[in-house]
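Chains, contacts and geometry: an overview
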2 protein chains.
Amino acid sequence: MFDMEPEVLERFTLYMREQSALTVMFHARVAEQMGLSATDEKCLDLAMRAEGPLTAGRIAELSGLSTGAVTGVIDRLERAGYVRRVRDPHDRRKVLVEVAVGDVDKFGAPFEKARDSLVEVLGHFDDAELQVIERYLQLQNETFRKRVIDT
Amino acid sequence: MFDMEPEVLERFTLYMREQSALTVMFHARVAEQMGLSATDEKCLDLAMRAEGPLTAGRIAELSGLSTGAVTGVIDRLERAGYVRRVRDPHDRRKVLVEVAVGDVDKFGAPFEKARDSLVEVLGHFDDAELQVIERYLQLQNETFRKRVIDT
DNA sequence: TCGAACATCTTAGCGAGTAAGACAATTCCT
DNA sequence: AGGAATTGTCTTACTCGCTAAGATGTTCGA
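Bear in mind the structure is a predicted one, so any value in this text is a computation, not a measurement.

Moving on, we get to the overall build of chain A. What chain A contains, in helices and strands, is 6 helices and 3 strands. Over its C-alpha trace chain A gives a radius of gyration of 19 Å, far above what one expects of a compact globule, namely 15 Å for 151 residues. The C-alpha extent of chain A, read off along each of the three principal axes, is 60 × 35 × 25 Å. A buried classification covers 43% of the 151 residues belonging to chain A. The contacts in chain A between residues at least 6 apart in sequence include a share of 41% that link residues at least 24 apart. For chain A, the exposed area adds up to about 8,200 Å²; of that, 52% sits on carbon and sulfur atoms. Positive and negative side-chain charges in chain A, numbering 21 and 27 respectively, have mean positions lying 9 Å apart.

The next subject is the nonpolar core. Among the nonpolar cores identified, the biggest contains 31 residues, and A:Phe12, A:Tyr136, B:Phe12 and B:Tyr136 are the most heavily contacted of them. Of all the secondary-structure elements, those providing two or more residues to this core are α1 (6–34), α5 (104–122) and α6 (127–150) of chain A together with α1 (6–34), α5 (104–122) and α6 (127–150) of chain B. Discounting chain neighbours no more than four positions away, the residues touching A:Phe12 are B:Leu118, B:Leu122, B:Leu130, B:Ile133, B:Glu134 and B:Leu137.

Our focus in this paragraph is the relation of the copies chain B and chain A. With an RMSD of 0.2 Å, the fit of chain B onto chain A corresponds to turning through 180 degrees and sliding 0.1 Å along the axis. Taken together, the rotation and translation describe the operation of a two-fold axis. Comparing interface residues between copies, 98% of those in chain B also lie at the interface in chain A; the contact surface is shared.

Our focus in this paragraph is the interface of chain B and chain A. Residue-level contacts link 59 residues of chain B with 58 residues of chain A. Of the roughly 7,100 Å² buried at the junction of chain B and chain A (both faces included), carbon and sulfur atoms supply 66%. Measuring nitrogen to oxygen at the nearest pair gives 2.5 Å for the salt bridge that ties B:Asp45 to A:Arg17. Breaking the side of chain B that touches chain A down by element, the ones donating at least two residues are α1, α2 (38–49), α5 and α6 of chain B. A per-element tally of the side of chain B that touches chain A places α1(B) first, with 20 residues. Taken together, the residues that form the side of chain B that touches chain A break down as 28 nonpolar, 14 polar and 17 charged.

The next point concerns the packing of α2(B) against helix α4 (residues 67–79) of chain B. Residue and element names in this part refer to chain B. α4 packs onto α2 with a crossing angle of 85 degrees between their chain directions and a minimal axis gap of 10 Å. With respect to α4, the axis of α2 lies roughly perpendicular. When α2 is examined against α4, the residues Thr39, Asp40, Cys43 and Leu44 are found in contact with a partner set consisting of Val73, Arg76 and Leu77. Broken down by class, the residue content of the contact of α2 with α4 amounts to 4 nonpolar, 1 polar and 2 charged.

Conventions we followed
- Residues numbered from 1 in each chain as written.
- Chains lettered and ligands numbered in written order.
- Predicted model: local features only at pLDDT ≥ 70, side-chain atom pairs only at ≥ 80, totals over all residues.
- Heavy atoms only, no water.
- Helix = DSSP H or I, 4+ residues; strand = E, 2+ residues; numbered from the N terminus.
- Rg over C-alpha atoms; globule rule 2.2 N^0.38 Å.
- Buried < 20%, exposed > 50% of the residue type's maximum accessible area, 1.4 Å probe, protein only.
- Contact = heavy atoms within 4.5 Å.
- Areas by Shrake-Rupley, 256 points an atom, 1.4 Å probe, with all protein chains shown as cover.
- Lys, Arg positive; Asp, Glu negative; His and termini not counted.
- Charge placed at Lys NZ, Arg CZ, Asp CG, Glu CD.
- Core = buried A, V, L, I, M, F, W, Y, C linked by side-chain atoms within 4.5 Å.
- Least-squares fit on C-alpha atoms with pLDDT ≥ 70 in both.
- Buried area = accessible area lost by both parts, 1.4 Å probe.
- Salt bridge = Lys/Arg side-chain N within 4 Å of Asp/Glu carboxyl O.
- Nonpolar A, V, L, I, M, F, W, Y, C, P; charged D, E, K, R; others polar.
- Axes fitted to C-alpha atoms, helices over the stretch in contact; angles between N-to-C directions.
- Parallel < 35°, antiparallel > 145°, perpendicular 65-115°, else oblique.

Next comes the structure, spelled out in structure tokens:
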């Protein structure tokens, strides 16, 4: 680790805080547009980003909600058509939450706009610069993930 | 706008989504450590990032909460010692919410760790690369801000 | 096979949110 | 200047989603 101009760190800290606040707002907007609460959208995001279907209990763990609360979340997501409850055939106590693939574009829509923004931003950089940015994003996520998880 | 390899965009989209999810989790952790709800922490963040003290009504606008809800938020923040209510001497209807400067480090602490992470990440780049990253963050925030606000 | 462990759902109670109106201070208009 | 309209915050009544604890149904191990 080498040392850095204090003003530089100061500026970057401000960027991060603004980014942070904007992200929280963005999530709120996405949820609103989808007719969901922030909690419901967060759980749906977990389900979408997972490899296979998640169980209700796993969603409770990942989201930090009680199992009872998750029951309600899945009820609302299912009623809105975003997910389906499927009993695990190998262990019928479990409830698998499958994302309703038929309507992927329904909740994909708000993210389309974010994608457009991303394209617009990245368009200002050449290949070499994009590599720097990519390396930064990877490192940032990795470091931040450790920080958030062990904190 | 020039076109870009689809896989590149794909990868960047994933970085953004992960960053997004991590940010939301991070905010939840910070709030938890401070003994506040996510909403209260969000409002405190608004108050801290503002130039001068904000009025209760302005916090309602910025946070998207009703004025009644903000009354509750300020009650809790004040009871916990994070802010003070001060009546505006020029317009005594208004309530100015001053951040309790004496205890800045109290709520600064969780952000210290984030700052450490940032230093660690930035330490992997030289000056030229940092300039690229800075330009990226500026553009990203600017674009995202427009997107979030007009959406 | 039976009891313990497990996964989810249900219930009761609570805290925080909204909408609407009360109250106090300020501004506007004549 | 003085009363009406406006503005800023707080209060009230009600709703909704959360937690904790227990109920229900399923699986596992001795």
